[in-house]
Amino acid sequence: MCLIDRNGSFPSACSAVPLAPNRLLHTGPLEAFDKTKAGIYLIEIPAWTRTDMPHPLGRIIERPDKQGRVWVTTPHLKQLERLYRDGHLAEPVVIHDSWTGKINESLFKPFYEAARSARTDLIKVGGEPYKNYKTRLSIALRLLWPKRPDSRSPFWRPDWRMSMVAEASVRHWTVAFKAVQAGNRLIALRNVDAAIFWVPDETAPDTYRIGTGFGEVKAKFIQPGTFIPEGDD
C-alpha cells in the first residue's frame, strides 16, 4: 500500500481560498451559485453513488439537520457545481439559505507565501525550530475560530476558518479522485492530508507530486496489516 501525506494542507490552501473579507449579508435561498459571492450555504446533501470514492463533502454529511441539509462554504459549493457540470452528480445543488459577500481569493496569499518561505528554510534545519514553526502556524490559523469558547481573538471569523478547511479538503479529494479515474485503487481518504492507495508495483499515483514543498506529498510504501499513523504535516 502507498500512504500519501500532504505537506501543509491548511497553509497551502491559503494560496487561493475563496471567502468574503467583509461582513456576510443574508442572501437567503438562491436559484444558482453566484460566482461573484462567497460565504456559507445551506444545501441538500447531493446523492453520491460511486463506491470507489467517498462523498465529496466528507464528514460534513454526517451532521445534517432534520431536513437532511448541511451548511457548506464556497470551496465545497464550487466543487459540487464542477462535479455536476462534469456529470458526476445527477442533480444540481439546491441552496436553501445563504450568507454571502463579495468574493476574494487572495486575502491569505501573503500569509501563504510567508509560511511557504519559512518552511523552505526551517525544514532544512529541522528539530525544535521546525516544530515551533508548525506549532505557531497552527495557532495562527486556529485564531480564526478558537476551540475554546472563552478564547479571545481579534480575528474571529469562523467562516474563514471553515473555508480554509474546505479548500484543503477539496484539493485533497480532487487529486485522489483524479488518481482513481486514472485507474488507481483508493483504500482510504483521511481528512485533509492523508490517503492510502493499493499499489502492487510500489509506484505512487502520478496525479501526486512527490516532494517536501507545499502542494507536494510524501509517499511511504507499507505492507498490509502495518499500523498507519495519522499524517503529521
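Before reading further, recall that the structure is shown in the block above.
So, a few notes on the structure that sits alongside this text.

Each value, and the rule that gives it
- Residues numbered from 1 in each chain as written.
- Predicted model: local features only at pLDDT ≥ 70, side-chain atom pairs only at ≥ 80, totals over all residues.
- Heavy atoms only, no water.
- Pairing = 2+ DSSP bridges.
- Helix = DSSP H or I, 4+ residues; strand = E, 2+ residues; numbered from the N terminus.
- Axes fitted to C-alpha atoms, helices over the stretch in contact; angles between N-to-C directions.
- Contact = heavy atoms within 4.5 Å.
- Patch = residues over 30% accessible without salt bridge, like charges linked within 9 Å, V, L, I, M, F, W, Y side chains within 5 Å.
- Areas by Shrake-Rupley, 256 points an atom, 1.4 Å probe, with all protein chains shown as cover.
- Salt bridge = Lys/Arg side-chain N within 4 Å of Asp/Glu carboxyl O.
- Polar contact = N/O pair within 3.5 Å; in protein donor to acceptor, adjacent residues only side chain to side chain.
- Parallel < 35°, antiparallel > 145°, perpendicular 65-115°, else oblique.
- Left-handed = near helix turned anticlockwise from the far one by under 90°.
- Nonpolar A, V, L, I, M, F, W, Y, C, P; charged D, E, K, R; others polar.
- Phe/Tyr/Trp six-rings, centres within 6.5 Å; stacked < 30°, edge-to-face > 60°.
- Buried < 20%, exposed > 50% of the residue type's maximum accessible area, 1.4 Å probe, protein only.
- Lys NZ or Arg CZ within 6 Å of the ring centre and 35° of its normal.
- Lys, Arg positive; Asp, Glu negative; His and termini not counted.
- Charge placed at Lys NZ, Arg CZ, Asp CG, Glu CD.

1. Regarding the sheet that holds strand E8 (residues 217–221)
Here is step 1: Spatially, four strands are ordered E6-E7-E1-E8 in an open sheet, and the strand pairing comes out antiparallel. At either end of the open sheet lies a strand with only one pairing partner, and these are strand E6 (185–190) and E8. Each strand axis lies, on average, 20 degrees off the axis of its neighbour in the sheet, ignoring direction.
Here is step 2: Note that E6 and strand E7 (residues 194–198) share five bridges and pair antiparallel. Counterpart to Arg190 in the pairing with E7 is Ala194.

2. Concerning the sheet that holds strand E4 (residues 69–73)
Here is step 1: Across the sheet, four strands lie side by side as E2-E5-E3-E4; this open sheet has antiparallel pairing. Looking at the sheet topology across the chains shown, the edges are occupied by strand E2 (25–26) and E4.
Here is step 2: Where strand E3 (residues 37–44) lies against strand E5 (residues 95–102), seven bridges are found, and the strand directions are antiparallel. If you follow Gly39 over to E5, its bridge partner there is Thr100.
Here is step 3: Contacts from helix H2 (residues 74–85) reach E3, E4 and E5 within the one sheet, and its direction differs from that of E3 by about 65 degrees.

3. Here's the deal with a nonpolar patch on the surface
Here is step 1: On the surface, a cluster of nonpolar side chains totalling about 260 Å² of accessible area is made up of Ile139, Leu143 and Phe155.
Here is step 2: On the secondary structure map, Ile139 appears in helix H4 (residues 127–142).

4. Structural notes on the environment of Arg209
Here is step 1: Residue placement: Arg209 occurs in the loop between E7 and E8.
Here is step 2: Separated by 203 residues in sequence, Arg209 and Arg6 have C-alpha atoms that sit 9.7 Å apart.
Here is step 3: If near-sequence neighbours (up to four positions away) are discounted, Arg209 is found in contact with Phe214, Gly215, Glu216 and Val217.
Here is step 4: A polar contact is formed between the side chain of Arg209 and the backbone oxygen of Gly215, at a distance of 3.3 Å.

5. Notes on the packing of helix H3 (residues 109–125) against H4
Here is step 1: Interhelical geometry of H3 versus H4 gives an angle of 160 degrees and a closest axis separation of 8 Å. Regarding the angle of H3 to H4, the classification is roughly antiparallel. In this structure, H3 meets H4 at a crossing whose hand is left-handed. Residues Phe111, Ala115, Ala118, Arg119, Leu122, Ile123 and Val125 of H3 form the contact with H4, whose own contacting residues are Gly127, Pro129, Tyr130, Tyr133, Leu137, Ala140 and Leu141.
Here is step 2: For the contact of H3 with H4, a count of residues per class yields 12 nonpolar, one polar and one charged.

6. Details of the side chain of Asn7
Here is step 1: Its place among the elements puts Asn7 in the loop between strand E1 (2–6) and helix H1 (9–13).
Here is step 2: Polar contacts involving the side chain of Asn7 include one to the main-chain carbonyl oxygen of Glu216, which spans 3.0 Å.
Here is step 3: At 2.7 Å, the side chain of Asn7 and the side chain of Lys218 are in polar contact.

7. Some points on the packing of aromatic side chains
Here is step 1: Counted according to the given criterion, the structure contains nine aromatic pairs.
Here is step 2: Considering the side-chain rings of Phe108 and Trp160, the 5.8 Å spacing of their centres and the 85 degrees angle between planes classify their relative orientation as edge-to-face. Of the two residues, Phe108 sits in the loop between E5 and H3 while Trp160 sits in helix H5 (residues 158–181), which places them 52 residues apart along the sequence.
Here is step 3: Taking the relative accessible area as the measure of exposure, Phe108 reaches 13% and is therefore buried.
Here is step 4: Site record: aromatic cluster; members linked through ring pairs are Trp48, Trp173 and Phe177.
Here is step 5: Directly above the ring of Phe10 sits Arg161, whose terminal nitrogen or CZ lies 5.1 Å from the centroid.

8. Looking at the side chain of Thr73
Here is step 1: The residue Thr73 is located in strand E4 in this model.
Here is step 2: Beyond its immediate sequence surroundings of up to four residues, Thr73 is in contact with Gly39, Ile40, Tyr41, Asp159, Met162, Ser163 and Ala166.

9. Observations concerning unusual backbone geometry
Here is step 1: You will see that Glu202, though not glycine, has its phi angle at about 55 degrees, which is positive.
Here is step 2: Structurally, Glu202 is set in the loop between E7 and E8.

10. Overview of a positive patch on the surface
Here is step 1: A contiguous patch of positive charge on the surface is contributed by Lys35, Arg82, Arg85 and Lys178.
Here is step 2: One can find Lys35 in the loop between E2 and E3.
Here is step 3: Judged by relative accessible area, Lys35 falls into the exposed class, the value being 65%.

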